[in-house]
Amino acid sequence: MELTIQDYGALADVIAVIGLIISIMYMSYQIRLSSLATQLNSRIVISQQNYDFAQLMLCHPELSTLWRQGRYDAESLQGEDYWRFTMICQQAFWSFSAQYKLYSAGML
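For clarity, every value in this text was computed on a predicted model and none was experimentally measured.

The next thing to look at is the environment of F85. Checked against the element boundaries, F85 lands in helix α3 (residues 79–104). The class for F85 is buried, based on a relative accessible area of 8%. The contacts of F85, once residues within four sequence positions are left out, are L66, W67, G70, R71, A74 and L77.

And the structure:
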């Protein structure tokens, strides 16, 4: 039995379809790995933000005292202390806002 040009064409089509299926499977695998890497990176960023905030409080005990005092009675703070407390709150808000955005985007 001799193969004709049409037979070779049909065989090439089958091989092309098999190659396409393998390529799509590989691409989906790579997308999944990329998604997992993005989620892991997001968690690392959040851990770093929490660590940085804790370090700020540990390295500067006066900020820790100011943070505790402001949380319980912010209106008692005056002048520079009030401004520093609002900046600490703003930093915390930015961190929590970023965490919420990552969570709502499905990255956590």
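Before going further, it helps to spend a moment on the nonpolar core. Of all hydrophobic cores here, the largest spans seven residues; its members are M57, L63, L66, W67, L77, F85 and I88. Element by element, the count of residues in this core is highest for helix α2 (residues 61–73), at three residues.

Under the counting rule described, the total for this entry stands at two aromatic pairs. Geometrically, the ring pair formed by F53 and W67 is edge-to-face, given 5.5 Å between the ring centres and 80° between the ring planes. Highlighted residues: F53 in helix α1 (residues 5–59) and W67 in helix α2, separated in sequence by 14 residues. With a relative accessible area of 17%, W67 lands in the buried category.

A few words now on the pattern of salt bridges. It is possible for side chains of opposite charge to pair when their charged atoms get near one another. Going through the model one piece at a time under the given rule, you end up with one salt bridge. A salt bridge links R84 to E62, with the nearest nitrogen and oxygen atoms 4.0 Å apart. Residue R84 is located in helix α3, and its partner E62 is located in helix α2; the two are separated by 22 residues in the primary sequence. Its relative accessible area of 28% is what places R84 among the partly exposed residues.

The next point concerns α2. Compared with the 18 Å implied by 1.5 Å per residue over 13 residues, the 18 Å span of α2 between its first and last C-alpha is a close match. Of the positions making up α2, those classed as buried are L63, S64, L66, W67 and G70. Seen along its axis, α2 keeps its buried residues to an arc of 160°; they face one direction. With respect to the buried face of α2, the exposed residues turned more than 90 degrees away are P61 and Y72. Looking at the buried side of α2, the elements it contacts are α1 and α3.

Procedures and definitions
- Residues numbered from 1 in each chain as written.
- Predicted model: local features only at pLDDT ≥ 70, side-chain atom pairs only at ≥ 80, totals over all residues.
- Heavy atoms only, no water.
- Helix = DSSP H or I, 4+ residues; strand = E, 2+ residues; numbered from the N terminus.
- Buried < 20%, exposed > 50% of the residue type's maximum accessible area, 1.4 Å probe, protein only.
- Contact = heavy atoms within 4.5 Å.
- Core = buried A, V, L, I, M, F, W, Y, C linked by side-chain atoms within 4.5 Å.
- Phe/Tyr/Trp six-rings, centres within 6.5 Å; stacked < 30°, edge-to-face > 60°.
- Salt bridge = Lys/Arg side-chain N within 4 Å of Asp/Glu carboxyl O.
- Expected span 1.5 Å × (residues − 1).
- Arc of directions from axis to C-beta.

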